[in-house]
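In case you want the letters, here they are:
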Amino acid sequence: MSPPPLKVAVIGAGVAGLATARALKLEQHQVVIYEKSGHLGGTWVYDPRTESDPLGFDPNREIIHGSMYPSLQTNLPRQLMGFWDYPFSSKIRNGEFRTFPSHEEVLQFLIGFAEEFGLVDLIRFDNEVVRVERVGLRNDEWVVGSRTQGRSSEEIFDAVVVCNGHNTQPRLAHLLEISKVAKEIHLSSRALDIKISKLDYGHNIWQHSKIDCVHENGEVAFQDGAFIHADIILYCTGFNYHFPFLKTDGIVSVDDNRVGPLYKHVFPPKLAPNLSFVGITNRSFAVFVVIELQAKWVAKVLSGKANLPPEEEMVAEIEHYYQHLEEKGIPKHHTHSLGPQFHEYLDGISNQAGLAEVDEEIKLISKNYFSFVIENGLWRARGWG
Ligand SMILES: Cc1cc2nc3c(=O)[nH]c(=O)nc-3n(C[C@H](O)[C@H](O)[C@H](O)COP(=O)(O)OP(=O)(O)OC[C@H]3O[C@@H](n4cnc5c(N)ncnc54)[C@H](O)[C@@H]3O)c2cc1C
Ligand SMILES: *[C@@H]1O[C@H](CO)[C@@H](O)[C@H](O)[C@H]1NC(C)=O
Ligand SMILES: *[C@@H]1O[C@H](CO)[C@@H](O)[C@H](O)[C@H]1NC(C)=O
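- Per an unreviewed UniProt entry, the recorded name for the chain is Flavin-containing monooxygenase, and the organism is Buddleja alternifolia.
- In its Sequence similarities (unreviewed entry) section, the UniProt record describing the chain reads: "Belongs to the FMO family."
- UniProt, in its Cofactor (unreviewed entry) section for the chain, records the words "FAD".

As structure tokens, this is what we get:
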């Protein structure tokens with residue numbers, strides 16, 4: 001007999017939170033989605049504001065979740081940005097059918113998805129989760145503490161799925177926009193195969209090695225020996241995983257952007273299955289597809305329709321994976337970058353969750369697209385997410 005439905009808290013109403021809520025609902029679980037903003041869609045909700053402290057040093061600053069710029073179009077084809085029975089490709093808006101749609105269109109698609117499957121009513125808007133901790137006599141329940149309009153409240157759940165996002169993409173178009181008005185642009189990268197050179201796609205853009213030091217007067221010394229005076233220094237150094245609300249006594253931690261230990265980037269073995277993470281993977285070539293599979297896996301495990309391996313086995317696999325990364329010289333901060341292995345990863349999860357394998361057409365499109373990006377040198381140049 002399968003266990004009774006659970007009461008599950010989902011943190012965040014972006015792609016991951018919505019896909020997770022839907023999967024949980026299909027498995028008859030009772031779902032509450034906490035969303036700190038007044039909107040669903042997460043990253044895809046364009047917010048023109050920028051943070052008062054752009055380097056994010058002040059923990060009390062007002063955090064602006066979005067990091068889109070107004071002219072952003074997707075860098076994945078829309079065929080890879082849909083859900084299995086709710087494809088993006090069939091949703092033509094305003095008579096438009098661009099392969100790489102605008103961010104507005106993605107948001108409209110997500111709103112449509114949430115409405116279609118009755119997810120909007122599950123969302124508690126303007127509710128920021130501030131505490132997630134294991135409680136109860138047998139330590140088998142989870143308390144979720146949240147804040148709304150200055151009021152705090154707490155509620156007990158059987159399980160919690162963390163879907164709070166980790167907005168990823170550095171933006172080359174942003175730099176190109178600047179190149180129209182700047183006299184010179186100097187890019188710095190710690191990638192090993194960078195040569196000092198003028199770039200093909202801009203007469204005034206230069207590529208350099210890692211920065212050695214920056215002086216207060218704007219003088220920048222690169223490790224390749226070059227030396228420039230910069231009026232503005234832009235940090236395009238990516239994002240950090242951040243779970244300020246999560247209290248696990250160190251069972252789950254973030255170390256140099258490695259969130260761990262996580263079995264297949266989703267379950268912390270010691271707290272599985274009642275704590276899980278959806279959307280941690282980065283640089284995958286089909287973000288929505290990966291997220292949806294992770295979401296379904298979590299839902300199936302919570303309803304007892306799929307079983308996780310024993311704790312020691314999950315721990316061993318994680319250690320094996322870390323070792324593999326080390327042997328290949330892949331730095332810790334790329335632990336969750338799926339890159340070229342993303343198909344294997346997808347098949348692994350489908351298999352674990354007893355789900356049908358990912359559609360061949362989706363696989364083919366992502367494979368071809370991936371090859372295109374690699375062959376054209378876009379992977380390295382754009383820090384593809
Ligand atoms: C500039 C840029 C371009 C991108 N382009 C593409 C693309 O072309 N194609 C593609 O597929 N992907 C793209 N991505 C990746 C994108 O991140 C994913 O598509 C997707 O948005 C990830 O969804 P998510 O739910 O994991 O996170 P998010 O979209 O970030 O959603 C997280 C949600 O959690 C909420 N939240 C956070 N903390 C709390 C809290 N404590 N309490 C309550 N709620 C909380 C946030 O308000 C937010 O609504 C891009 C990302 C960026 C930044
Ligand atoms: C997960 O939650 C269920 C339902 O509350 C509970 O029976 C089970 O013991 C929990 N598992 C762990 C490992 O805490
Ligand atoms: C995801 O990958 C991009 C591109 O490499 C990187 O800039 C970003 O920091 C990564 N995000 C996280 C949270 O590691």
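There's more to say after this.
Thoughts on the overall build of the chain
Turning to step 1, where the next piece is worked out: On a plain count of helices and strands, the chain comes out with eight helices and 17 strands.
Turning to step 2, where the next piece is worked out: Of all 385 residues assigned to the chain, the portion counted as buried reaches 46%.
Turning to step 3, where the next piece is worked out: Within the chain, contacts between residues at least 6 apart in sequence are counted, and of these 60% link residues at least 24 apart.
Turning to step 4, where the next piece is worked out: Element-wise, carbon and sulfur atoms account for 50% of the exposed surface of the chain, whose accessible area totals about 20400 Å².

Some remarks on the sheet that holds strand S14 (residues 246-247)
Turning to step 1, where the next piece is worked out: Strand order in the open sheet formed by four strands is S6-S5-S4-S14, with mixed pairing between adjacent strands. Only two strands of the sheet have a single partner each, and these edge strands are strand S6 (151-157) and S14.
Turning to step 2, where the next piece is worked out: Pairing between strand S5 (residues 141-148) and S6: seven bridges, direction antiparallel. Of the residues in S6, the one forming a bridge with Val144 is Glu155.

Digging into the layout of surface pockets
Turning to step 1, where the next piece is worked out: The space that makes up the second largest pocket amounts to roughly 460 Å³.
Turning to step 2, where the next piece is worked out: Elements with a contribution of two residues or more to the lining of the second largest pocket: helix H4 (287-302) and helix H7 (360-375).
Turning to step 3, where the next piece is worked out: When residues of the lining of the second largest pocket are assigned to their parent elements, the largest contribution, four residues, is made by H4.
Turning to step 4, where the next piece is worked out: Classifying every residue of the lining of the second largest pocket gives eleven nonpolar, three polar and five charged.

Definitions and cut-offs
Residues numbered from 1 in each chain as written. Chains lettered and ligands numbered in written order. Predicted model: local features only at pLDDT ≥ 70, side-chain atom pairs only at ≥ 80, totals over all residues. Heavy atoms only, no water. UniProt positions renumbered as here; feature names shortened; annotations may be inferred. Helix = DSSP H or I, 4+ residues; strand = E, 2+ residues; numbered from the N terminus. Buried < 20%, exposed > 50% of the residue type's maximum accessible area, 1.4 Å probe, protein only. Contact = heavy atoms within 4.5 Å. Areas by Shrake-Rupley, 256 points an atom, 1.4 Å probe, with all protein chains shown as cover. Pairing = 2+ DSSP bridges. 1 Å grid on protein atoms, 1.4 Å probe; cavity = no way out; pocket = protein on both sides within 12 Å on 5 of 7 lines; lining within 4 Å. Points joined across faces, edges and corners; volume = space filled by probe spheres on them. Nonpolar A, V, L, I, M, F, W, Y, C, P; charged D, E, K, R; others polar.

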